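Here's the letter readout for the chains.
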Amino acid sequence: MGKSAIALFKPTSCKASVFGDRRFCEKFGYSDLHLISQEQIESIVQLQEVTSDIDLGLQKMTQAVQDFNQTTRSLQKNVTTTQMQPFADLVKPFPRLVRDLNLRWRKQVNLKIEGESTLIDRTMIETLNAPLMHLIRNGFAHGIEDSTTRIKAGKPPEATITLQAVNRGTETLITVKDDGNGIDTHKICQRLRKMGISDAEIAQMSTPEIIDYIFQPGFSTSEEVTELAGRGVGMDVVKTSLEEIRGDIRVNSEPRKGTTFIIRVPFTLSILRVMLIESSGLIFAVPANSVKEVFPLEVEGVNDLTEITWQEETVPLLHPEKSLRFNRPHKPFEMSGYPVINKPIALIVGSDNSLGAIHIDRVWSEPEVTVRPIESPLPLPMGIISSMMLGDGRVVPLVDPVQLLEDFLNKGSQPISPTSQPSTENTAKTILVVDDSINVRRYVTLTLEKAGYQVEQAKDGQDAVDKLVSGLVVDGVICDIEMPRLDGYGVLEELKTKSEFRSLPIAMLTSRSNEKHRKLALNLGAAAYFSKPYNEQELLQTLHSLL
């Protein structure tokens, strides 16, 4: 019988072969081990085929997800194109307006437009047209000097009015700036006196409060009525029109240098690209379009820096943890995955006149998220403009870094009042519960939280050590002894050999009630020892005395 025939006529078992004894198997070299091995080989081949099928299915699924994402982005782009309109469409008639004014009033004014591709909601285009036209006419009439006066003041004979639009966070900022003579506050004060406001009341007003009177109906500082000025109509229309679309306007004016009007209108798109960042344990998001550059920082001494040099210019460095102060205890915000940038950096933000940097410890991601408004009767902290939601359901605040920087520049030099400091007396203590049993961890956590403690959990000794070494700050530890990877004795040995944890009280909570186990734990540095089942009152009293 040939070899091929033998392969076709394999016995199913050498104990009960077709010949009735083991001689057939022994003659051709077969045994029970050989048959078992053959079956295993066939099973492995089948598993490989199944694995290949699964891999192919995953590839098809991945491709389907990519196609779906591409379709979604295409739909989002089409919706944006339908809903939004470029700034260039809004300002298209203004260059001709300025040319006509130059010919009519014999001035040399150049209109400069920046940010023409900035998208603005179509519903706001028509509403913004009249306010911008009023601001240009107002700057031409009240701010821009004639060529002779400008030359005497050391300025070029041709003046410039700049229109600029930029999307920043959840807002669109439109700036109207001229390099004229600025707003004459003395003329405003004279007008206020004619309106019956006393000198004492005027003396108590700040410069911004005085300038805000130009938005009052019927207010004008012009001595004669012309086509451009003197009618008291214009600036009040600007403010009223902006309030209709939930916008506002601010004025910055410098004598003999010019005036800047800053219009803020809501950016209605709900999808925004953000940078998810962390600073001193604070997790928050900032709009990516608010950041000019990501600037690396030196690791040593970064917390003591107050300013840095960027592009040969010294800019102030803001530390968010010193500005975003909260007077209630909060748990550390743990992120999953790995950060895309895991070293100190500075986010360069602001405009050319008020640049600044914000110190960041790490950047986690740069996703496109759905912005969710925060509806609350209480005012939001400075800089917080909205919120976003992570995939696990946790809410992260959306911070406007420019607002944060402006608040820092205005108040950074002032000492922090005692009322803004967190109360150390009422701050809840944080306890780390270490146990491999999730039921025990939950029960102990419930007991501690009822007593007013904050609780962090670790699933075993190694997890506890990793969390503490990586920066988790706690006031005490309750630890089991029998755990996988690293037991309670190992936790004591690991922590008590480090100088920063020698004073950390560690209480052992275990089912081992033998005296030798108690002595061993106390010799290794345990502050207390409890046996299960434990007395809650005794545990809490001991914990209170240790802390």
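Provided above is the structure to which this section pertains.
What comes next is a walk through the structure. The shown structure was predicted, so the numbers you read here are calculated from the model rather than taken from an experiment.

A short note on the sheet that holds strand β2 (residues 109-114)
Reasoning step 1: On the basis of which strands lie adjacent, the open sheet formed by 5 strands has the order β2-β4-β5-β7-β6 and mixed pairing. Looking at strand neighbours, the two that pair on one side only are β2 and β6 (248-254), the edges of this open sheet. Going from strand to strand, the sheet's axes swing by 15° on average, the running direction of each strand aside.
Reasoning step 2: Pairing analysis gives 7 bridges linking β6 to strand β7 (residues 258-266), with the strands arranged antiparallel. Residue pairing for β7: V251 is matched across the bridge by F261.
Reasoning step 3: Seen against the sheet, helix α6 (residues 122-143) touches β2, β4 (159-168), β5 (171-178), β6 and β7 and runs at an angle of roughly 170° to β7.

Side note on the pattern of salt bridges
Reasoning step 1: The tally for this structure, following the rule as stated, stands at 16 salt bridges.
Reasoning step 2: Here E114 makes a salt bridge to K112, at a shortest N to O gap of 3.4 Å.
Reasoning step 3: Notably, a salt bridge pairs R264 with E171, separated by 2.9 Å at the nearest N-O pair. On the criterion of sequence distance, the pair formed by R264 in strand β7 and E171 in strand β5 is long-range, its members being 93 residues apart. Both residues of the pair, R264 and E171, count as buried.

Focus: the side chain of N102
Reasoning step 1: By the element assignment, N102 lies in helix α5 (residues 94-105).
Reasoning step 2: Residues within four places of N102 in sequence aside, it is in contact with K107, Q108, V109 and F140.

Some words on the pairing of strand β21 (residues 476-479)
Reasoning step 1: The two faces of β21 match: G476 and I478 on one face and V477 and C479 on the other face are all buried.
Reasoning step 2: Here strand β19 (residues 430-434) runs beside β21; their pairing, made up of 4 bridges, is parallel. Counted as the bridge partner of L432 is V477 from β21.
Reasoning step 3: Pairing of β21 with strand β22 (residues 506-510), which is carried by 3 bridges, proceeds in the parallel orientation. Within β22, the position partnered with I478 by the bridge is A507.
Reasoning step 4: In this fold, the crossover linking β21 to β22 by way of helix α16 (residues 488-496) has right-handed handedness.

Definitions and limits used
Residues numbered from 1 in each chain as written. Predicted model: local features only at pLDDT ≥ 70, side-chain atom pairs only at ≥ 80, totals over all residues. Heavy atoms only, no water. Pairing = 2+ DSSP bridges. Helix = DSSP H or I, 4+ residues; strand = E, 2+ residues; numbered from the N terminus. Axes fitted to C-alpha atoms, helices over the stretch in contact; angles between N-to-C directions. Contact = heavy atoms within 4.5 Å. Salt bridge = Lys/Arg side-chain N within 4 Å of Asp/Glu carboxyl O. Buried < 20%, exposed > 50% of the residue type's maximum accessible area, 1.4 Å probe, protein only. Right-handed = clockwise from strand over helix to strand, strands pointing away.

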